[in-house]
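# Working through the structure, step by step
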Amino acid sequence: MASLARRPPLLFPAVARHTATVIFIHGLGDTGHGWASAVEQWRRRQRLDEVKFILPHAPSIPVTANWGMKMPGWYDIFAIDGTAEALRRNEDEAGILTSQAYFHDLIQKEIDSGIPADRIVIGGFSQGGAMSLFSGLTAKSKLAGIVALSSYLLLSLKFAELVPKPEFNKETPIFMAHGDADQVVNYKLGTMSRDLLKEMGYNVNFNTYPGMGHSACLEELDAIENFLTERLPKVGDKAEEKSEL
């Protein structure tokens, strides 16, 4: 999987001076374009004008749960019944680690371009949310935040062995959200992942959306916008606060 062909991500440049970056990762079978309208939604109030959005495109890979047919994916899925048992039984560790390296490289490129790690948020939906949790918590620099929608903790049985020492993102705010009617990534799997992360001492805020299936809703998108605005305030706002002290 190391030689996978990758398309360049879809980019939304910052409207104002670029001081922060959000990397948002789509789910299985989708592309970065699938979340373009959400980015437009987050930007409409002009509270995130200094933020560049990066929407990566997954490579096309054979997916076992799709009878081996190729589709965009960050790692192979062996069964789609939404349960912890099925998802843990045969996790595609090699595929997960290959995608982790790709996202860590995207983060590093932003840092190299002059964006501090603590001005970078990584997030995603479903497979993308799982990768954002895994890649964010194993990053070797402290990030501003992590967003994980309708997702779960990857390689949970050995996760503690995979995080760097020291743990740079032990206290990084994590915004998790899940619909309680999700039949693709079972809601219980989301809450189990939340509980496991809390037991390990991570800073998780879990949001439940009653009646929502494996999708997103306007209320959820507004909550994410608020989280991003809180974690990535305009640099001008900070300058004003200092001048008032």
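Residues numbered from 1 in each chain as written. Predicted model: local features only at pLDDT ≥ 70, side-chain atom pairs only at ≥ 80, totals over all residues. Heavy atoms only, no water.

## Overview of the confidence of the model for the protein chain
In the predicted model, the protein chain carries a mean pLDDT of 91, and 91% of its residues have values of at least 70. Contacts of residues 239-245 to residues separated by more than four positions or lying in other chains number zero contacts, the stretch itself having pLDDT below 50. (pLDDT = per-residue confidence, 0-100. Contact = heavy atoms within 4.5 Å.)

## Brief notes about the packing of helix H3 (residues 93-112) against helix H4 (residues 127-137)
Where H3 meets H4, the axes come as close as 9 Å, and the angle between the chain directions of the two elements is 65°. Between H3 and H4, the angle falls in the class roughly perpendicular. Classified by chirality, the crossing of H4 by H3 is right-handed. Residues Ile 96, Leu 97, Ser 99, Gln 100, Phe 103 and His 104 of H3 pack against Met 131, Phe 134 and Ser 135 of H4. (Axes fitted to C-alpha atoms, helices over the stretch in contact; angles between N-to-C directions. Helix = DSSP H or I, 4+ residues; strand = E, 2+ residues; numbered from the N terminus. Parallel < 35°, antiparallel > 145°, perpendicular 65-115°, else oblique. Left-handed = near helix turned anticlockwise from the far one by under 90°.)

## Considerations on the packing of aromatic side chains
The tally for this structure, following the rule as stated, stands at 11 aromatic pairs. Plain terms: the ring middles of Trp 42 and Phe 53 are 6.2 Å apart, the flat faces sit at 25° to each other, and that makes the pair stacked. Separated by 11 residues along the polypeptide, Trp 42 in helix H1 (residues 36-43) and Phe 53 in strand S3 (residues 51-55) bring together distant segments of the chain. Judged by relative accessible area, Phe 53 falls into the buried class, the value being 0%. Their ring planes at 55° and their centres at 5.3 Å tell us that Tyr 102 and Phe 103 sit as a pair that is tilted. Geometry around Tyr 102 places Arg 6 over its ring, the cationic atom sitting 4.2 Å from the centre. The residue whose ring lies beneath Arg 194 is Phe 206, and the NZ or CZ to ring-centre distance is 4.9 Å. (Phe/Tyr/Trp six-rings, centres within 6.5 Å; stacked < 30°, edge-to-face > 60°. Buried < 20%, exposed > 50% of the residue type's maximum accessible area, 1.4 Å probe, protein only. Lys NZ or Arg CZ within 6 Å of the ring centre and 35° of its normal.)

## Overview of the nonpolar core
Membership of the largest hydrophobic core comes to 42 residues, with the highest contact counts inside it found for Tyr 75 and Met 131. Within the residue set of this core, elements represented by two or more residues are strand S2 (20-25), H3, strand S6 (120-125), H4, strand S7 (145-149), strand S8 (174-179), helix H6 (187-199) and strand S9 (204-209). In this structure Tyr 75 touches Ile 61, Asp 92, Gly 95, Ile 96, Gln 127, Ala 130, Met 131, Tyr 152 and Leu 154, once residues within four positions along its chain are discounted. Val 22, Leu 48, Ala 177 and Phe 227 belong to the second largest nonpolar core, which has 28 residues in total. (Core = buried A, V, L, I, M, F, W, Y, C linked by side-chain atoms within 4.5 Å.)

## Some details on the pairing of S8
Most of S8 sits out of view: six of its six residues are buried. The side-chain alternation of S8 yields two buried faces, one formed by Ile 174, Met 176 and His 178 and the other by Phe 175, Ala 177 and Gly 179. Inspection of the sheet shows S7 paired to S8 by four bridges, in the parallel sense. Of the residues in S8, the one forming a bridge with Ile 146 is Ile 174. When S8 meets S9, the two strands line up parallel, connected through six bridges. Residue pairing in the sheet places Ile 174 in a bridge with Val 204 of S9. Crossover handedness for the path S8 to H6 to S9: right-handed. (Pairing = 2+ DSSP bridges. Right-handed = clockwise from strand over helix to strand, strands pointing away.)

## What to know about the sheet that holds S9
If you walk across this open sheet you meet the seven strands as S1-S3-S2-S6-S7-S8-S9, and the pairing is mixed. Whereas interior strands pair on both sides, the edge strands pair on one side only; in this sheet they are strand S1 (10-12) and S9. Neighbour to neighbour, the strand axes of the sheet diverge by 15° on average, direction disregarded. With respect to the sheet, H1 is in contact with S1, S2 and S3, its orientation differing from that of S3 by roughly 170°. Sheet strands in contact with helix H7 (residues 218-231) are S2, S3, S6, S7, S8 and S9, and its direction is about 170° off that of S7.

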